[in-house]
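Geometric and topological summary
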Amino acid sequence: MDLTLIVVLVIALALFFDFTNGFHDTANAMATPIATGALRPKTAVTLAAILNLVGAFLSTEVAKTISGGIIREGDGGVLITPELVFAGLIGAVVWNMITWLMGLPSSSSHALFGGLIGAAIVGAGLGAIDFPVVVSKVILPALLAPLTAGLVAYAATKLAYAITRRYDGKPDGRDGFRYAQIFSSSLVALAHGTNDAQKTMGVITLTLVAANLQAPGSDVQWWVIVTCAVAIALGTYMGGWRIIKTLGTGLTDVKPAQGFAAETATAATILASSHVGFALSTTQVASGSVIGSGLGRRGSKVRWRTAGRIGVGWLLTLPAAGAVGALAALVAHLGVGGVIIDAVVGVIVIIGIFMWSRRSEVSHHNVVSEVADSGRAVKIKRNPKPKRKAKK
């Protein structure tokens, strides 16, 4: 197959992955403000899309981690062909679609890493992977970031409830936090753009390097930044309603003060990690924050069965996406026919998952929680006044 054609195919698939990343991870920023009624569903995803677009232009440190860190390429490394990158993307996209169908907030980032690692091992052996970088900038952040965000959210929730009070007779005694949530959720969306859009930038840059169209170690090209920013913004605007429902109402009943605390903890963790080039999972950070905020509010219950399902999804993401990427790489080794088979099978699987999802559709019409829909985050019952005895 002509090298230019395979590079075009890889770039197209990478941008589609970026699109799926957008609607898969919309929940990270907007699940809690939608759950509390701080923002209407369509308004929330529109705001998130705009801020994802802006955030994608703020940094390229994570893109450099992927394009010149996880996979060894260039002098002293191995040749990672565009066909292998294509196979890795197949693994990432298929896993993203499966977890979206199940409503699981799994990691798009780890799906991408797993797919690339699986394909690279099949095509070039274990030497293709820079394992110290994988451990230091992928695995360790995956373990520490959700825990850190959860602890910060727990402390922030405790603080929010300690310094405020509930006013009886109002629909929501801490309604002011709803307005604060607009700011905090916007910050999460901006942070998401600075981290997740760069992962696709890194994949495209890796492909250009592998095809000798860009020098190893060079910066991300401007057109790559623009196209990746637009793709993730469009995906975000579509709204990953299934995952929004899981994060917004499945883990715990989120009140405005909790939502503000969770979003602030998520944004702080993501922005700090993006600054140092950690390609962490924004989904894991957001989930950890929601759980931490649930534990921080007295009387709140965390649904640990749902949390367990999410945890299992996290554990399976790297190996599952890696297995699909490895299988796609084996097929791609057949030559032109193998790449075509990968593409056709991938399209069939994606369309099949989408059609299956229509059987139990979740949209902005039915994603809103009872709390947000009723307009009450705290329902206060007033004690009836005792009746006076009639005078004789």
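Residues numbered from 1 in each chain as written. Predicted model: local features only at pLDDT ≥ 70, side-chain atom pairs only at ≥ 80, totals over all residues. Heavy atoms only, no water.

1. Looking at the packing of aromatic side chains
Inspection of every chain in the model, using the stated rule, returns three aromatic pairs. Arranged with centres 6.2 Å apart and planes meeting at 25°, the rings of Phe16 and Phe19 form a pair that is stacked. One end of the pair is Phe16 and the other is Phe19, both in helix 1 (residues 3–36) and three residues apart, which spans about a single turn. Exposure remark for Phe19: the relative accessible area of 24% places this residue in the partly exposed category. Where Phe23 meets Trp100, the ring centres are 5.7 Å apart and the plane angle is 70°; that geometry is what we call edge-to-face. On the criterion of sequence distance, the pair formed by Phe23 in helix 1 and Trp100 in helix 4 (residues 82–102) is long-range, its members being 77 residues apart. Since its relative accessible area comes to 11%, Trp100 is described here as buried. (Phe/Tyr/Trp six-rings, centres within 6.5 Å; stacked < 30°, edge-to-face > 60°. Helix = DSSP H or I, 4+ residues; strand = E, 2+ residues; numbered from the N terminus. Buried < 20%, exposed > 50% of the residue type's maximum accessible area, 1.4 Å probe, protein only.)

2. Some words on the environment of Pro146
Turning to its location among the elements, Pro146 is positioned in helix 6 (residues 131–163). On the basis of relative accessibility, which here comes to 11%, the residue Pro146 falls in the buried class. Beyond its immediate sequence surroundings of up to four residues, Pro146 is in contact with Pro141, Gln284, Val285 and Gly288. (Contact = heavy atoms within 4.5 Å.)

3. Observations regarding the nonpolar core
With 79 residues, the main nonpolar core has Met30, Val85, Leu89 and Met201 as its most contacted residues. No other element matches helix 1, which puts 13 residues into this core. Here Leu89 is in contact with Val10, Leu13, Ala14, Phe17, Leu112 and Val203, once residues within four sequence places are set aside. (Core = buried A, V, L, I, M, F, W, Y, C linked by side-chain atoms within 4.5 Å.)

4. Things to note about the packing of helix 6 against helix 11 (residues 282–296)
Describing two packed helices takes the angle between their axes plus the distance from one axis to the other. Here helix 6 crosses helix 11 at 35°, and the two axes come no closer than 7 Å. Crossing geometry of helix 6 relative to helix 11 is assigned as right-handed. Taking contact as the criterion, the partners of Ala142, Ala145, Pro146, Ala149, Gly150, Ala153, Tyr154, Thr157 and Lys158 in helix 6 are, on helix 11, Gln284, Val285, Gly288, Ser289, Gly292, Ser293, Leu295 and Gly296. The residue inventory of the contact of helix 6 with helix 11, partitioned by class, reads eight nonpolar, eight polar and one charged. (Axes fitted to C-alpha atoms, helices over the stretch in contact; angles between N-to-C directions. Left-handed = near helix turned anticlockwise from the far one by under 90°. Nonpolar A, V, L, I, M, F, W, Y, C, P; charged D, E, K, R; others polar.)

5. Digging into the environment of Ala268
Position of Ala268 relative to the elements: it lies in helix 10 (residues 256–275). We classify Ala268 as partly exposed; its relative accessible area is 44%. Expressed as a C-alpha distance, the spacing of Ala268 and Ala149, which sit 119 residues apart in the sequence, is 8.2 Å.

6. Topic: the confidence of the model for the chain
Mean pLDDT over the chain stands at 79; residues scoring 70 or higher make up 82%. Predicted confidence is poor over residues 373–383, with pLDDT under 50, and the contacts of this stretch with residues over four places away or in other chains come to 23 contacts. (pLDDT = per-residue confidence, 0-100.)

7. A closer look at helix 5 (residues 108–124)
For helix 5, which comprises 17 residues, the first-to-last C-alpha distance of 24 Å matches the rise-based estimate of 24 Å (1.5 Å per residue) to within 8%. Burial runs high along helix 5: 13 of the 17 residues are buried. Between the side-chain oxygen of the N-cap and the backbone nitrogen of His110 there are 2.9 Å, and the N-cap of helix 5 in question is Ser107. Trailing helix 5 by a residue or two, Gly125 shows a phi angle of about 90°, which is positive. (Expected span 1.5 Å × (residues − 1). Polar contact = N/O pair within 3.5 Å; in protein donor to acceptor, adjacent residues only side chain to side chain.)

8. Description of a nonpolar patch on the surface
A surface patch of nonpolar side chains, about 580 Å² in accessible area, is lined by Leu53, Phe57, Trp222, Val226, Val230 and Leu234. No other element matches the four residues that helix 8 (residues 222–238) contributes to the nonpolar patch. Tracing the backbone through its elements, the reader meets Trp222 in helix 8. Among the residues examined, Trp222 registers a relative accessible area of 65% and is labelled exposed. (Patch = residues over 30% accessible without salt bridge, like charges linked within 9 Å, V, L, I, M, F, W, Y side chains within 5 Å. Areas by Shrake-Rupley, 256 points an atom, 1.4 Å probe, with all protein chains shown as cover. Salt bridge = Lys/Arg side-chain N within 4 Å of Asp/Glu carboxyl O.)

9. Looking at helix 13 (residues 336–357)
An ideal rise of 1.5 Å per residue puts 32 Å on 22 residues; helix 13 measures up with 32 Å between its terminal C-alpha atoms. Looking at helix 13, one finds that the buried residues are Gly338, Val339, Asp342, Gly346, Ile350, Ile353 and Ser357. Taken end-on, helix 13 shows its buried residues confined to a sector of 100°, consistent with a single buried face. Exposed and oriented more than 90 degrees from the buried face of helix 13 are Ile348 and Met355. (Arc of directions from axis to C-beta.)

10. Some remarks on the packing of helix 2 (residues 41–55) against helix 8
One way to put it is that helix 2 packs onto helix 8 with a least axis distance of 8 Å and a crossing angle of 170°. Taken together, the axes of helix 2 and helix 8 are roughly antiparallel relative to one another. Residue-level contacts link Lys42, Val45, Thr46, Ala48, Ala49, Asn52 and Leu53 of helix 2 to Ala229, Val230, Ile232, Ala233, Thr236 and Tyr237 of helix 8. Here the residues of the contact of helix 2 with helix 8 sort into nine nonpolar, three polar and one charged. (Parallel < 35°, antiparallel > 145°, perpendicular 65-115°, else oblique.)

11. Topic: the environment of Ala210
The residue Ala210 is located in helix 7 (residues 176–210) in this model. A relative accessible area of 12% places Ala210 in the buried class.

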